[in-house]
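Residues per chain are reported as follows:
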Amino acid sequence: MKAAALLNYLQSGLPLLATLRDYRLAWLSKDSIAGLSACIVSIPSVIAYAELVHLPPIAGLYAALAAAVGYALFASSRHVIAGPDAAIGLLAGSAILPLSAGDPARIVALAAVLSVLSGGVLLLAARLKLGVIADLLSRPVLIGYLNGASLVLIATQLGKMFGIKTEGEEFFQLIYTVFEKLPQTHLPTFFFGVALVSLLVVLARWLPRIPGALAICAVAIVATYSFDLGSYGIALVGKVPSGIPQMTIPRFSLADIAALAPAAVAIAFLAFSDGILLAQTFAEKNGYEVQPNRELTALGSANILAGLWQGFPVSASQSRTSIVDAAGGKSQLAQLVVAVGLLLFLFFLTGLIALLPKVALGAILIVTAIGMLEVASLAGLYKIDRVEFGIAMGVTVAILLAGVVPGIILGLLLSLITVLVEISRPGDAVLRRRLIDGRFHDCRDDEAAESVPGLLIYRPYAPLVFANARHVMTRIRTLVDEADPPVKWLIIDAQAIHDMDVTAAQRFAELHRELADEGIDVKIADAPRPFLEELAKVGLSEEIGRRDFFVSVKKAVAAFEQEFGPMGPNADPRT
């Protein structure tokens, strides 16, 4: 009995155990093929992404291996593959470089600390069941971030393409440096880089089934081996260590924690918002559900393990996840196959990386950045909502001017401010009776409708909370004061008031008493339970009286017309 209870406890904490318990042998071949495909395709990309964090290429393999193991243990998604990501890598690199003073050992330590911090934020969010935090990163902010990050990413790789040395992460400084050093361009590097970029574009356009990054790495390694590209001055990655690193706790100071904390929060937001969207997309496609808080735990453990294995922050990978799904992957066992493939590469094939020209990594990252650009989405925002278009552009400009970390933090703040503004100034309507069917609706100005004299029917399109209580009550007061003829009944259509806090309830009670003193009756129609409960808490339910609550606006209007007649209280009795 105790053994069964222990097993159930372990399975609840480690979903992978439940997956293995219910695993079907018929899935093994598909998971193996899917995992092997994702592993082969990922190797060139993760090596390139390590460059974004200013780490040696081998760190990308360490991070990918750690992410595969850490995520597979806790994930509720059956298809998502975790690992290094271009957007996350650029964000991490922009936070680390200013603190490192160019010291390679310091960069390694800071990258590991940032990864552990990001994982800690994700695990804390999971513990507090804050899976909804992904919604705080709105679509306009994400579009703005991706566009800004893509432009910065392209700028950081221009030095590799032209064979010149650039420094820093600031977009305009990088562009200026490239133009300033343009006469120093190393032509063999430049022409070889252009050829690789062209090959990537051709493959993506006409042969999309062929993994572009893998193809150009193979071409570049063969070219190096055949033509000794190093003798022409084309920089190579050089020798890299084999095997896996020793798991260590990175050295850090409190000052490092304070300096990296904003970036850790930004990475956590970005990683989870992207990861949960990816998980939900493939879960819906394959007919199962994912648990947001479980995904937080999985991404958190992946990042912590990546930090302990001398890696850098990771996220969910759309390209690798798509490969697993297309290959028919059925479970997280595919991700464990990815981990096994990476282990074999680390032990036996790292010598191939030494022959890889650095310009090939730059070509991969430039084409990746071009693919990240959300130009069509930005144009769509311009047509749909100019305010959200402005938010997206603001985030992009902030990233180009101030850097990636300040830009994404500004984006998060803009998302929160936008929500607060929308809540504090909710839409509303004065309902009128349509002549075509006699029903009360929020009618357009050009729609044939009439108002009932002496009756004001008000509908707010939002819950009533402290942020909008004053605005809504002032709006009602203004409508009552401007009504002609004077209002005898005010009907509140409460169907949209699914929540009301104490502040709003107290303000509503004050308004009710003011109107009662003026001889105006307040009626409530179609009230949801939370609204009624809050009215009861402030003692307003008894004050209003049960007879003043109606199940619908139609019933309330009928009661008004029964008391005053269809023409209202001011009607001429001779008519």
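These numbers were taken from a predicted model, which means no experiment stands behind them.

Caption draft 1: How the structure looks around the overall build of the protein. Tallying secondary structure elements over the protein gives 24 helices and ten strands in all. Its C-alpha atoms put the protein at 105 × 70 × 50 Å along the principal axes. By the burial criterion, 49% of the 575 residues in the protein qualify as buried. Accessible surface, the protein as shown: approximately 27500 Å² in total, 62% of it carbon and sulfur. Distance from the positive charge centre (44 side chains) to the negative charge centre (48 side chains) of the protein: 8 Å.

Caption draft 2: Inspection of the environment of Gly371 at higher detail. With respect to the helices, strands and loops of the structure, Gly371 is situated in helix 16 (residues 358-372). Note: C-alpha distance between Gly371 and Ser150 (221 residues apart in sequence) is 8.4 Å.

Caption draft 3: Molecular detail of the packing of helix 7 (residues 139-162) against helix 8 (residues 171-180). At a closest axis distance of 9 Å, the pairing of helix 7 and helix 8 adopts a crossing angle of 25°. Judged on the interaxial angle alone, helix 8 and helix 7 are roughly parallel. Our pair here, helix 7 against helix 8, has a crossing hand that is left-handed. In this structure, helix 7 uses Leu151, Val152, Ala155, Thr156, Leu158 and Phe162 to contact helix 8, whose residues at the interface are Phe171, Leu174, Ile175 and Val178. Residues that form the contact of helix 7 with helix 8 fall into these classes: nine nonpolar, one polar and no charged.

Caption draft 4: How the structure looks around helix 9 (residues 187-206). Between its first and last C-alpha atoms helix 9 spans 28 Å; for 20 residues at 1.5 Å apiece the expected length is 28 Å, and the two agree. Taken as a whole, helix 9 has its buried residues at Thr189, Phe192, Gly193, Leu196, Val197, Leu200 and Leu203. Angularly, the buried residues of helix 9 cover 140° about the axis, an arc narrow enough to put them on a single face. Turned more than 90 degrees away from the buried face of helix 9, the exposed residues are Phe191, Arg205 and Trp206.

Caption draft 5: Highlighting the side chain of Ser94. Looking at where Ser94 falls in the secondary structure, it is placed in helix 5 (residues 86-100). Of the residues examined, Ser94 reaches a relative accessible area of 13% and is grouped as buried. Aside from chain neighbours lying at most four places away, what touches Ser94 is Glu169, Val404 and Val405.

Caption draft 6: Expanded view of the sheet that holds strand 10 (residues 549-550). In space, the five strands of this open sheet follow the order 3-7-8-9-10, with mixed pairing throughout. Edge positions in the sheet fall to strand 3 (428-430) and strand 10, since each has one partner strand and no second. Strand direction decides the pairing type here: strand 7 (residues 455-460) and strand 8 (residues 489-493), joined by four bridges, are parallel. Bridging from a neighbouring strand, Tyr458 pairs with Ile492 of strand 8. Where helix 21 (residues 502-517) meets the sheet, its contacts fall on strand 8 and strand 9 (521-525), and the angle it forms with strand 9 comes to roughly 135°.

Caption draft 7: Looking closely at the pairing of strand 9. The buried fraction of strand 9 amounts to four of the five residues, a majority that puts the element mostly inside the structure. One ladder, built from five bridges, connects strand 8 with strand 9; its direction is parallel. Counted as the bridge partner of Ile492 is Ile524 from strand 9. For the segment spanning strand 8, helix 21 and strand 9, crossover handedness is right-handed. Note: strand 9 against strand 10, two bridges, orientation parallel.

Criteria and cut-off values
Residues numbered from 1 in each chain as written. Predicted model: local features only at pLDDT ≥ 70, side-chain atom pairs only at ≥ 80, totals over all residues. Heavy atoms only, no water. Helix = DSSP H or I, 4+ residues; strand = E, 2+ residues; numbered from the N terminus. Buried < 20%, exposed > 50% of the residue type's maximum accessible area, 1.4 Å probe, protein only. Areas by Shrake-Rupley, 256 points an atom, 1.4 Å probe, with all protein chains shown as cover. Lys, Arg positive; Asp, Glu negative; His and termini not counted. Charge placed at Lys NZ, Arg CZ, Asp CG, Glu CD. Axes fitted to C-alpha atoms, helices over the stretch in contact; angles between N-to-C directions. Parallel < 35°, antiparallel > 145°, perpendicular 65-115°, else oblique. Left-handed = near helix turned anticlockwise from the far one by under 90°. Contact = heavy atoms within 4.5 Å. Nonpolar A, V, L, I, M, F, W, Y, C, P; charged D, E, K, R; others polar. Expected span 1.5 Å × (residues − 1). Arc of directions from axis to C-beta. Pairing = 2+ DSSP bridges. Right-handed = clockwise from strand over helix to strand, strands pointing away.

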